[in-house]
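# Working through the structure, step by step
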Amino acid sequence: MDITSIIESLNEAQRTAVTAPPHAMLVLAGAGSGKTRVLVHRIAWLMRVENVSPYSILAVTFTNKAAREMRGRIEQLLSFPAGNMWMGTFHGLANRLLRRHAREAGLPESFQILDSDDQYRLLRRILKQLELQETSWPPRQIQWYINGHKEEGRRACHLQESYDPAERQLQRIYREYETLCEQSGLVDFAELLLRAHEFLRDSPAALAHYQQRFRHVLVDEFQDTNSIQYAWLNLLTRDNDNLCVVGDDDQSIYGWRGAKIENLHSFQRDYPNHQIIRLEQNYRSTGNILNAANALIDHNDGRLGKNLWTDSGAGDPIALYAAFNEQDEAYFVVDRIRRWIQEGGSPLECAILYRSNAQSRQFEEKLIAMGIPYRVYGGLRFFERQEIKDALAYLYLLTHRDNDAAFERIINTPTRGIGARTIDYLRNLARAQQLTLWKAALHARTANDLPARAQTLLGGFIDLINALSERMADRPLHEQIRLAIENSGLLEYYRKEKGEQAETRVENLEELVTAARQFEAEPPGAEEDLSATPLERFLAHAALEAGEAQGDPYQACVQLMSLHSAKGLEFELVFIVGLEEGLFPSMQSLEQPGRLEEERRLCYVGLTRAQKLLYLTYAESRRLYGKEHRARPSRFLNELPAENCQEVRARANVNRPVASYEAAARSGFEDGSAAAGGSFRLGQSVFHAKFGEGVILQAEGSGAQARVQVKFAESGVKWLVLAYANLQGR
DNA sequence: CTCGATGAGTTTTTT
DNA sequence: ACTCATCGAG
């Protein structure tokens, strides 16, 4: 048995973790310390050396991407497919469990998954039904309320009736929502986890079975687990002490969506025999970057403690740039990227990271102007697009007529003359008689309560769905989908729509057929849920994995993304921008100390993304929500050791610089550095080719519009546009 | 149904 | 400032 390939490339700590005898283990893996590597090699070790069957292993991740990567790397290491290993996201695994035991878990065999947009729509519908104003009951907040409770394991019936009328109302909405989901066979994301937990908790036989089966449970990014996820893991492993978790408390950045950093403490309490292994050697960044990151995170309290180190040398210092405003900041960053590419750097190895997505625009504009290709992460993903969701809604309704969410979405899409009146009538009928919308429609067709025209049209819709359903039977999946988008009129509808967007929509619909074909060819995950039809499996897949944001993997693009999205990634050249109080750390986090620590961890995550070069920038003035704001530099900048940083431009110690980087560069001062004399301040002496010696009195504008007022000794006071005046500093 | 006016909200994201 | 959604008029 060749085990050298499994352990030869590992360092001491990694090897300890990989080869430890099976028992509870906590691997504290710092950024860039080979976390995934340890997980992958650990699994390989279990199989090769401990003779563990892949059947006995459960490996859990947070994203599909991470699950895919792990599976790929294991298969590569062992050179055989790890087909029957349960490996996936919490939600994916919960789905699998519930499909197998739908009945016992109290769900219909063909339950369908609601994504958060579906959930949002459903809640709005309930509000309308309860005649509540969206302004006083914002659906987003209700969504948050419901999911929050579910993530803590609380159903509506568990909530104590409150004396607070607002709270009572929320509970009522929650109850109503549960009823509706139950009726329509719908399961939202939080429900998947909650159901899976309740099912195991309440079915001793099933619990025993899975406890027996999963001799080894491994969890990635453990610091991101929420209460119900931990409870589920604990159910499965508490009797066998067989939970191995990998995580980093310093990279916990999802507290705001329910992640419980406390789970790390719960783990230590619940598995008293656990072993802790720290991975502190970093293979990613230079010494300067790591030192700064360590110093920053040291400002947080109650850490489990960890100090990253590297033996790869100090590297360049971290560069700080104080921009005049957001325009200047963007110009500076993009100009540095231009140089990087010019010197042979790859755009793919270069990332701009920001706290809020709205910040991307400035950079995009400048990148476009410079003709540098870029990619922004974080938009709508494939299965979230309107036209795709429309098509999926047809498929949902075709497989399950009681899916009210789907019914409501497509009853009049494409427009077929079934208006609000008819739909309201159906809703009332459904509510009054405890029917689903589909059943209400069947009633209405014969009841003669509707105007004749509406009745006919409604009948037409029912016939359409039924006929389509028949025609689709026994066809291959991609054929079914093609039939659905064509016969429903959806394709035609988007074809006729004008505008560029419509074109992409048609393309996307066609792409959906391709995606289905691909899904048939190589179904992701094991072929375990044979209970479901291919179409049902495809729908679950679509809900659980929203797909990539945008294609274009062929072009080497500069990467723009939020700091959150950057977690887990690395780049040679990284810019963290907008380091201002109120922006990063964000305004909302300033009040709560816990939130502020999370912001600091987010900054830590950002710093540790950089392999070689790291730039930190902030703007002294920024347009935000239509108003000009002056902000102090982020406190995080002050928390970095001076010896690891270097200001790109020495700044005037009294007066603020009035010239932007952009104007300075254009007017011939190559990088705007003080040494080159490019930083103009109020009161500074300057020289102009025609007007001679002068002193700067005032300044206004920025970027290409930046102007200064200069009092010339000979020619008097003049306003000059910096970009053209070619002023020389003195 | 489509268009333009009006008004509210505006950190971060995966499933 | 800008986006997004809803609402009323044509």
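Residues numbered from 1 in each chain as written. Chains lettered and ligands numbered in written order. Predicted model: local features only at pLDDT ≥ 70, side-chain atom pairs only at ≥ 80, totals over all residues. Heavy atoms only, no water.

- The name given to chain A in an unreviewed UniProt entry is DNA 3'-5' helicase, and the organism recorded there is Candidatus Methylospira mobilis.
- Quoted verbatim from the Sequence similarities (unreviewed entry) field of the UniProt record, the comment on chain A reads "Belongs to the helicase family. UvrD subfamily." (UniProt positions renumbered as here; feature names shortened; annotations may be inferred.)

## Notes on the overall build of chain A
- Tallying secondary structure elements over chain A gives 29 helices and 21 strands in all.
- Taken against the 2.2 N^0.38 rule, which gives 27 Å for 730 residues, the C-alpha radius of gyration of chain A at 30 Å falls within 12% of a compact globule.
- On the principal axes, the C-alpha backbone points of chain A span a range of 95 × 70 × 55 Å.
- Residue burial in chain A is summarised as follows: out of 730 residues, 56% are buried.
- Look at the contacts in chain A between residues 6 or more apart in sequence, and 74% of them connect residues 24 or more apart.
- For chain A, the accessible area works out to roughly 32200 Å², and carbon and sulfur atoms hold 48% of it.
- Within chain A, the 96 negative side-chain charges are centred at a point lying 3 Å from the centre of the 86 positive side-chain charges. (Helix = DSSP H or I, 4+ residues; strand = E, 2+ residues; numbered from the N terminus. Rg over C-alpha atoms; globule rule 2.2 N^0.38 Å. Buried < 20%, exposed > 50% of the residue type's maximum accessible area, 1.4 Å probe, protein only. Contact = heavy atoms within 4.5 Å. Areas by Shrake-Rupley, 256 points an atom, 1.4 Å probe, with all protein chains shown as cover. Lys, Arg positive; Asp, Glu negative; His and termini not counted. Charge placed at Lys NZ, Arg CZ, Asp CG, Glu CD.)

## A short note on the protein's contact with DNA strand C
- Around DNA strand C, the neighbouring residues are R124, R361, R623, Y625 and G626.
- The sugar and phosphate moieties of DNA strand C supply 53% of its atoms located within 4 Å of the protein.
- The contact in question runs from a sugar or linking oxygen of DNA strand C to an N or O atom on the backbone of G626, over 3.4 Å.
- When the residues that make up the surface near DNA strand C are grouped by side-chain class, the tally is one nonpolar, one polar and three charged. (Near = heavy atom within 4 Å. Polar contact = N/O pair within 3.5 Å; in protein donor to acceptor, adjacent residues only side chain to side chain. Nonpolar A, V, L, I, M, F, W, Y, C, P; charged D, E, K, R; others polar.)

## Things to note about the packing of aromatic side chains
- Taken as a whole and judged by the stated rule, the model has 20 aromatic pairs.
- Between F584 and F636 the ring centres are 5.5 Å apart and the planes differ by 75°, which places this aromatic pair in the edge-to-face class. One end of the pair, F584, is in the loop between β13 (571–576) and α26 (593–607); the other, F636, is in helix α27 (residues 635–638), and 52 residues separate them in sequence.
- Exposure remark for F636: the relative accessible area of 1% places this residue in the buried category.
- The ring centre of F111 lies 3.8 Å from the NZ or CZ of R99, which sits over that ring.
- For R213, the ring lying beneath its charged end belongs to Y55, and the centroid distance is 3.7 Å. (Phe/Tyr/Trp six-rings, centres within 6.5 Å; stacked < 30°, edge-to-face > 60°. Lys NZ or Arg CZ within 6 Å of the ring centre and 35° of its normal.)

## Some points on the UniProt feature "domain: UvrD-like helicase ATP-binding" (unreviewed entry) in chain A
- Those residues carrying the UniProt feature "domain: UvrD-like helicase ATP-binding" (unreviewed entry) are residues 8–286 in this numbering.
- Taken end to end, residues 8–286 is 49% helix and 12% strand, and its two terminal C-alpha atoms sit 24 Å from one another.

## A few points about the protein's contact with DNA strand B
- Taken together, 25 residues lie near DNA strand B, and N64, R355, N357, S562 and Y625 sit nearest.
- Sugar plus phosphate, as a fraction of atoms of DNA strand B within 4 Å of the protein: 53%.
- One of the side-chain nitrogen or oxygen atoms of R257 is found 3.1 Å away from a base oxygen of DNA strand B.
- Within the contact set of DNA strand B, a phosphate oxygen lies 2.6 Å away from a backbone nitrogen or oxygen of N357.
- For the surface near DNA strand B, a count of residues per class yields six nonpolar, 14 polar and five charged.

## Quick notes on the pairing of strand β6 (residues 216–219)
- In β6, alternate side chains face the same way, and those of H216 and L218 on one face and V217 and V219 on the other are all buried.
- In this sheet, strand β7 (residues 243–247) lies alongside β6 in parallel orientation, the contact comprising three bridges. Of the residues in β7, the one forming a bridge with V219 is V245.
- Crossover β6 to β7 through helix α11 (residues 227–237) is right-handed. (Pairing = 2+ DSSP bridges. Right-handed = clockwise from strand over helix to strand, strands pointing away.)

## Quick notes on helix α5 (residues 90–100)
- For α5, the buried fraction is high: eight of the 11 residues fall into the buried class.
- Three or more residues of α5 are buried, namely F90, L93, A94, N95, R96, L97, L98 and R99.

## Some remarks on the pairing of strand β14 (residues 610–624)
- Within β14, 11 of the 15 residues are buried, which leaves the element mostly enclosed by the surrounding structure.
- The pairing of β13 with β14 spans five bridges and is parallel. Looking at the pairing, F575 lines up with Y615 of β14.
- Hairpin connection, β14 to strand β15 (residues 627–630): the antiparallel pair is bridged by two residues, and Y625 has positive phi, about 50°.

## Looking at the sheet that holds β7
- With respect to topology, six strands assemble into an open sheet ordered β3-β2-β6-β7-β1-β8, the strand pairing being parallel. For this open sheet the edge positions go to β3 (86–89) and β8 (275–279), each flanked by a neighbour on one side alone. Each strand of the sheet is rotated relative to its neighbour by a mean of 15°, with strand direction disregarded.
- As defined by bridge partners, strand β2 (residues 57–61) adjoins β3 across four bridges and the pair is classed as parallel. Bridging across to β3, V60 finds its partner in G88. (Axes fitted to C-alpha atoms, helices over the stretch in contact; angles between N-to-C directions.)

## With respect to unusual backbone geometry
- In this structure, P414 follows T413 across a cis peptide bond, with omega equal to 0°.
- For P414, the location among the structural elements is in the loop between α17 (404–410) and α18 (420–432).
- Residue F584 is joined to P585 through a cis peptide bond whose omega torsion reads 10°.
- Along the chain, P585 falls in the loop between β13 and α26.
- Of note in the backbone geometry, D241 takes a positive phi value of approximately 55° without being a glycine.
- Relative to the helices and strands, D241 is located in the loop between α11 and β7.
- Although it is not a glycine, D474 adopts a positive phi angle of roughly 65°.

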